[in-house]
Amino acid sequence: MNQPKRPSFPARLGPLTSAPAAGRPVRAGVGAKPAAAAMYAPSGVGLDSAAVRTRMVQRLAASGITSAAVLQAMGTVERHLFVDTALVNQAYEDTSLPIGLAQTISKPSVVARMIELLLGAEGARGGLGRVLEIGTGCGYQAAVLGRVAKEVYSMERLRGLHEKARNNLRPLRLTNVHLLFGDGMQGYAQGAPYAGIIAAAGGDALPVAWCDQLAVGGRLVAPMARSNGQQILLVIDKTPYGFQEAVLEAVNFVPLKSGIA
Ligand code: SAH
């Protein structure tokens, strides 16, 4: 699939000011003459993506995310590179956004919350081992996971999104993130056992394969529909004595579907 080249963040606006502050180089507007570029120069601050991400991370910390590894990963991965050009300005807002084929990229706060849960006590001991993600979507969460886990296997059932994620992730060269096209309800036995399994789509029952492929001592974090139709976040720990389940807050994920398309 051929993707149009993405703009930088925000879409190139040319120099921020016509007269640079002392010691601060003017950012060259590509292909723009200084005079013309000055006309488009934004007057606000914070249009630099690192600064906007830092503010997003501050909001995540204020809302209760405490894992330094998660906050650092969220501050590093450029979410604006994963959304369509028209949505770039909303990339660091705490909102889910369409990624095509009727699917959405999760809100940053939900991504951070779920990864923090996935890390659990293991996070405190210095990072996760192998992780399986169900629902690659645009590849954003896979990229964040790639920064907190040793190895990430991420499965997507829609070919169009699998390819989109491939294109999005290629320039990041995350050699520990492996994208797989297939039905995540079957898991991915070749990579098992997993220290963590995380689902970005919610079904109404837990696929047996996920429980089987989870390592003893591993943790699964997934949205799940309850009998009243409400979706909740489920955390399951596989202990030497069996599974321990915790039901957490209400969430709103796209449905988990079987088969590929
Ligand atoms: N983590 C993603 C969010 C994607 S939304 C991101 O950062 O963009 C959830 C994704 O789960 C959708 O792309 C949907 O197609 C996918 N999905 C649903 N059921 C699936 C299944 N059985 N196997 C693999 N992917 C599935």
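About the cut-offs
Residues numbered from 1 in each chain as written. Predicted model: local features only at pLDDT ≥ 70, side-chain atom pairs only at ≥ 80, totals over all residues. Heavy atoms only, no water. pLDDT = per-residue confidence, 0-100. Contact = heavy atoms within 4.5 Å. Salt bridge = Lys/Arg side-chain N within 4 Å of Asp/Glu carboxyl O. Helix = DSSP H or I, 4+ residues; strand = E, 2+ residues; numbered from the N terminus. Buried < 20%, exposed > 50% of the residue type's maximum accessible area, 1.4 Å probe, protein only. Near = heavy atom within 4 Å. Polar contact = N/O pair within 3.5 Å; in protein donor to acceptor, adjacent residues only side chain to side chain. Areas by Shrake-Rupley, 256 points an atom, 1.4 Å probe, with all protein chains shown as cover. Nonpolar A, V, L, I, M, F, W, Y, C, P; charged D, E, K, R; others polar. 1 Å grid on protein atoms, 1.4 Å probe; cavity = no way out; pocket = protein on both sides within 12 Å on 5 of 7 lines; lining within 4 Å. Points joined across faces, edges and corners; volume = space filled by probe spheres on them. Pairing = 2+ DSSP bridges. Axes fitted to C-alpha atoms, helices over the stretch in contact; angles between N-to-C directions. Core = buried A, V, L, I, M, F, W, Y, C linked by side-chain atoms within 4.5 Å. Phe/Tyr/Trp six-rings, centres within 6.5 Å; stacked < 30°, edge-to-face > 60°. Right-handed = clockwise from strand over helix to strand, strands pointing away.

### With respect to the confidence of the model for the chain
- Confidence in the prediction of the chain, expressed as mean pLDDT, is 86, and 80% of residues score 70 or more.
- pLDDT under 50 marks residues 10–46. Its contacts with residues more than four places away, or in other chains, come to 28 contacts.

### A look at the pattern of salt bridges
- Within the structure shown, the criterion is met by three salt bridges.
- Between Glu249 and Arg113 there is a salt bridge, with its nearest N and O atoms 2.8 Å apart. With Glu249 in strand S10 (residues 242–250) and Arg113 in helix H4 (residues 108–124), this residue pair connects regions lying 136 residues apart in the sequence.
- For Arg113, a relative accessible area of 28% puts it in the partly exposed group.
- Asp237 is the partner of Arg219 in a salt bridge, and the nearest nitrogen-oxygen pair spans 2.7 Å. Pair noted here: Arg219 is in strand S8 (residues 214–225) and Asp237 is in strand S9 (residues 231–239), with a separation of 18 residues, a long-range link. An identical accessibility class is assigned to Arg219 and Asp237; each is buried.

### Observations regarding the site of the ligand
- Looking at the ligand, there are 27 residues lining it, with Thr104, Glu156, Asp183, Gly184 and Lys257 nearest.
- Contacts to the ligand include Gly135, whose backbone N or O atom sits 3.1 Å from a nitrogen atom.
- Relative to its free-state accessible area of 570 Å², the ligand is covered by the protein chains to the extent of 99%.
- Secondary-structure elements contributing two or more residues to the shell around the ligand are strand S2 (103–105), strand S3 (128–134), helix H5 (140–146), strand S4 (149–156) and strand S11 (254–255).
- Considering each element in turn, the shell around the ligand owes the most residues, three residues, to S2.
- Along the lines of polarity and charge, the residues of the shell around the ligand split into 14 nonpolar, eight polar and five charged.

### Overview of the layout of surface pockets
- Reported here for the largest pocket is a volume of approximately 650 Å³.
- Surrounding the largest pocket, 41 residues form its lining, Thr104, Ser106, Ala200, Phe253 and Val254 being those nearest its centre.
- Of all the secondary structure elements, the ones that give two or more residues to the lining of the largest pocket are S2, H4, S3, H5, S4, S10 and S11.
- Top contributing element to the lining of the largest pocket by residue count: H4, with five residues.
- Of the residues in the lining of the largest pocket, the class split is 21 nonpolar, 12 polar and eight charged.

### Focus: the sheet that holds S9
- If you walk across this open sheet you meet the seven strands as S5-S4-S3-S6-S8-S9-S10, and the pairing is mixed. Only two strands of the sheet have a single partner each, and these edge strands are strand S5 (177–181) and S10. Averaged over neighbouring strand pairs, the angle between their axes works out to 15° when direction is ignored.
- Against the sheet, helix H6 (residues 159–169) touches S4 and S5, its axis set at about 160° to S5.

### Brief notes about the nonpolar core
- Of all hydrophobic cores here, the largest spans 52 residues; its most connected members are Met74, Phe82, Ile105, Ile115, Tyr140 and Leu169.
- Considering each element in turn, this core owes the most residues, seven residues, to H4.
- Among all residues touching Met74, those that are not within four sequence positions of it are Arg53, Met56, Val57, Leu60, Pro108, Val111, Ala112, Tyr140 and Val144.
- The next biggest cluster of nonpolar side chains, apart from the first, holds 19 residues, and it includes Ile134, Tyr194, Ala222 and Leu256.

### A short note on the packing of aromatic side chains
- Under the counting rule described, the total for this entry stands at three aromatic pairs.
- With centroids separated by 5.4 Å and ring planes inclined at 35°, the aromatic side chains of Tyr153 and Tyr188 adopt a geometry described as tilted. One end of the pair, Tyr153, is in strand S4; the other, Tyr188, is in the loop between S5 and strand S6 (194–199), and 35 residues separate them in sequence.
- Take Tyr153: its relative accessible area is 17%, and that puts it in the buried class.
- A relative accessible area of 21% means that Tyr188 is categorised as partly exposed.
- When the ring of Tyr153 is compared with that of Tyr194, the centres are 6.2 Å apart and the planes differ by 70°; the resulting orientation is edge-to-face.

### What to know about the pairing of S5
- One ladder, built from five bridges, connects S4 with S5; its direction is parallel. The residue of S5 that forms the bridge with Glu156 is Phe181.
- In terms of handedness, the path from S4 via H6 over to S5 forms a crossover that is right-handed.

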